Amino acid sequence: MQYVVISKEGLLDIFNQLPDFTGQPTRTALFRNISCWEEITEDDIKILTDKNWIVTT
């Protein structure tokens, strides 16, 4: 997909469902061309970084 249309709430639901890799090698979550990305805050991204994910855009 080249462009994903999703609400902020939908994307946060995905963030919350991703597995927690604390104590394991980091995983990378790549987000490009997400319709609601401008609404995502540092606190939202912290959901993933607290689970040992690296977030890139």
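Residues numbered from 1 in each chain as written. Predicted model: local features only at pLDDT ≥ 70, side-chain atom pairs only at ≥ 80, totals over all residues. Heavy atoms only, no water.

### Points about the nonpolar core
One finds Leu11, Phe15, Phe31, Ile34, Trp37, Ile40 and Leu48 to be the most contacted residues of the largest nonpolar core, which totals 13 residues. Of all elements in the fold, only α1 (8-17) and α2 (42-49) reach the threshold of two or more residues within this core. With three residues, α1 is the largest single contributor of residues to this core. Leave out the neighbours within four places in its chain, and Ile34 touches Val4, Ile6 and Leu11. (Core = buried A, V, L, I, M, F, W, Y, C linked by side-chain atoms within 4.5 Å. Buried < 20%, exposed > 50% of the residue type's maximum accessible area, 1.4 Å probe, protein only. Helix = DSSP H or I, 4+ residues; strand = E, 2+ residues; numbered from the N terminus. Contact = heavy atoms within 4.5 Å.)

### Focus: the pairing of strand β2 (residues 53-56)
Sheet analysis places strand β1 (residues 27-30) next to β2, joined by four bridges and oriented parallel. Directly across from Arg27, in β2, lies its bridge partner Trp53. On the question of chirality, the crossover connecting β1 to the parallel β2 by way of α2 is right-handed. (Pairing = 2+ DSSP bridges. Right-handed = clockwise from strand over helix to strand, strands pointing away.)

### Considering the packing of α1 against α2
Where α1 meets α2, the axes come as close as 9 Å, and the angle between the chain directions of the two elements is 25°. In terms of orientation, α1 lies roughly parallel with respect to α2. With respect to the hand of their crossing, α1 and α2 are arranged in left-handed fashion. Together, Lys8, Leu12, Phe15 and Asn16 of α1 and Asp44, Ile47 and Leu48 of α2 make up the contact between the two elements. Of the residues that constitute the contact of α1 with α2, the class distribution is four nonpolar, one polar and two charged. (Axes fitted to C-alpha atoms, helices over the stretch in contact; angles between N-to-C directions. Parallel < 35°, antiparallel > 145°, perpendicular 65-115°, else oblique. Left-handed = near helix turned anticlockwise from the far one by under 90°. Nonpolar A, V, L, I, M, F, W, Y, C, P; charged D, E, K, R; others polar.)

### A few points about the packing of aromatic side chains
Scanning all chains against the criterion turns up three aromatic pairs. Through a chain of ring-to-ring contacts, the aromatic side chains of Phe15, Phe31 and Trp37 assemble into a single cluster. Positioned above the aromatic ring of Phe21 is the side chain of Arg27, whose terminal nitrogen or guanidinium carbon lies 3.8 Å from the ring centre. (Phe/Tyr/Trp six-rings, centres within 6.5 Å; stacked < 30°, edge-to-face > 60°. Lys NZ or Arg CZ within 6 Å of the ring centre and 35° of its normal.)

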